[in-house]
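Here is what each chain is made of, one letter per residue.
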Amino acid sequence: MAQDYDSPRNKDEDEESLQALGKSSQNSATDMDDDENAIAEDYELPGADLSNEDASVTVIPMQGDEFICSECFLVKHRSQLAYTTPDGQPVCKECAA
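Residues numbered from 1 in each chain as written. Predicted model: local features only at pLDDT ≥ 70, side-chain atom pairs only at ≥ 80, totals over all residues. Heavy atoms only, no water.

Enquirer: Just to check I follow, could you spell out the overall build of the protein chain for this structure?
Expert: From N to C terminus, the protein chain includes two helices and four strands. Element order for the protein chain, N to C, with α for helix and β for strand: α-β-β-β-β-α. Put simply, the protein chain has 97 residues, and 8% of those count as buried. A sequence separation of at least 24 residues applies to 8% of the contacts in the protein chain between residues at least 6 apart. If you sum the accessible surface of the protein chain, you get close to 9100 Å²; carbon and sulfur atoms cover 51% of it. (Helix = DSSP H or I, 4+ residues; strand = E, 2+ residues; numbered from the N terminus. Buried < 20%, exposed > 50% of the residue type's maximum accessible area, 1.4 Å probe, protein only. Contact = heavy atoms within 4.5 Å. Areas by Shrake-Rupley, 256 points an atom, 1.4 Å probe, with all protein chains shown as cover.)

Written as structure tokens, this is what we have:
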């Protein structure tokens, strides 16, 4: 059915529809808050106290074919070596770019 948008509106219908929208948005907002709280309980915050936790990480010493980049300080394979500075410091390809 075609709607005549130029005709005057009925104020009662507008108020009823606004009230209905307000009620439905309040209900959905409380549902959303509950969901957010449930999700937030599953995450650990970055500043959490982990002093009683044991780290199970095996540290492997640097290999003979690796170097530490003097720019980013990451251990890289020698295939990533871009150049060596005049004072002998290696620089990786990523930092040289």
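Next, the rest of the story.
Enquirer: So what exactly am I meant to see when it comes to the pairing of strand β3 (residues 81-84) here?
Expert: Regular strands have side chains that alternate between both faces of the sheet. Where β3 lies against strand β4 (residues 90-92), three bridges are found, and the strand directions are antiparallel. By the bridge assignment, Y83 is partnered in β4 with V91. Adjacent in sequence and paired antiparallel, β3 and β4 are bridged by five residues, among which G88 carries a positive phi angle near 90°. (Pairing = 2+ DSSP bridges.)

Enquirer: How do you make sense of the state of the cysteines when you look at a structure like this?
Expert: The bond known as a disulfide is covalent and runs between the sulfur atoms of two cysteines. One pass over the structure, following the stated rule, counts zero disulfides. The closest cysteine sulfur to the non-disulfide-bonded C95 is located on C92, 3.5 Å from its own sulfur. Using a relative accessible area of 31% as the deciding quantity, one classes C95 as partly exposed. (Disulfide = S-S within 2.5 Å.)

Enquirer: Please explain the environment of S79 as it appears in this structure.
Expert: Note that S79 resides in the loop between β2 (75-77) and β3. Sequence spacing of S79 and C92 is 13 residues, and the spatial spacing of their C-alpha atoms is 8.9 Å.

Enquirer: Just checking my understanding: could you explain unusual backbone geometry for this structure?
Expert: Negative phi is the rule for most residues except glycine; trans is the rule for most peptide bonds. With a phi close to 65°, F73 is a non-glycine residue in the positive phi region. Within the element layout of this structure, F73 appears in the loop between β1 (66-68) and β2. Residue classification places F73 among the exposed residues on the basis of a relative accessible area of 60%.

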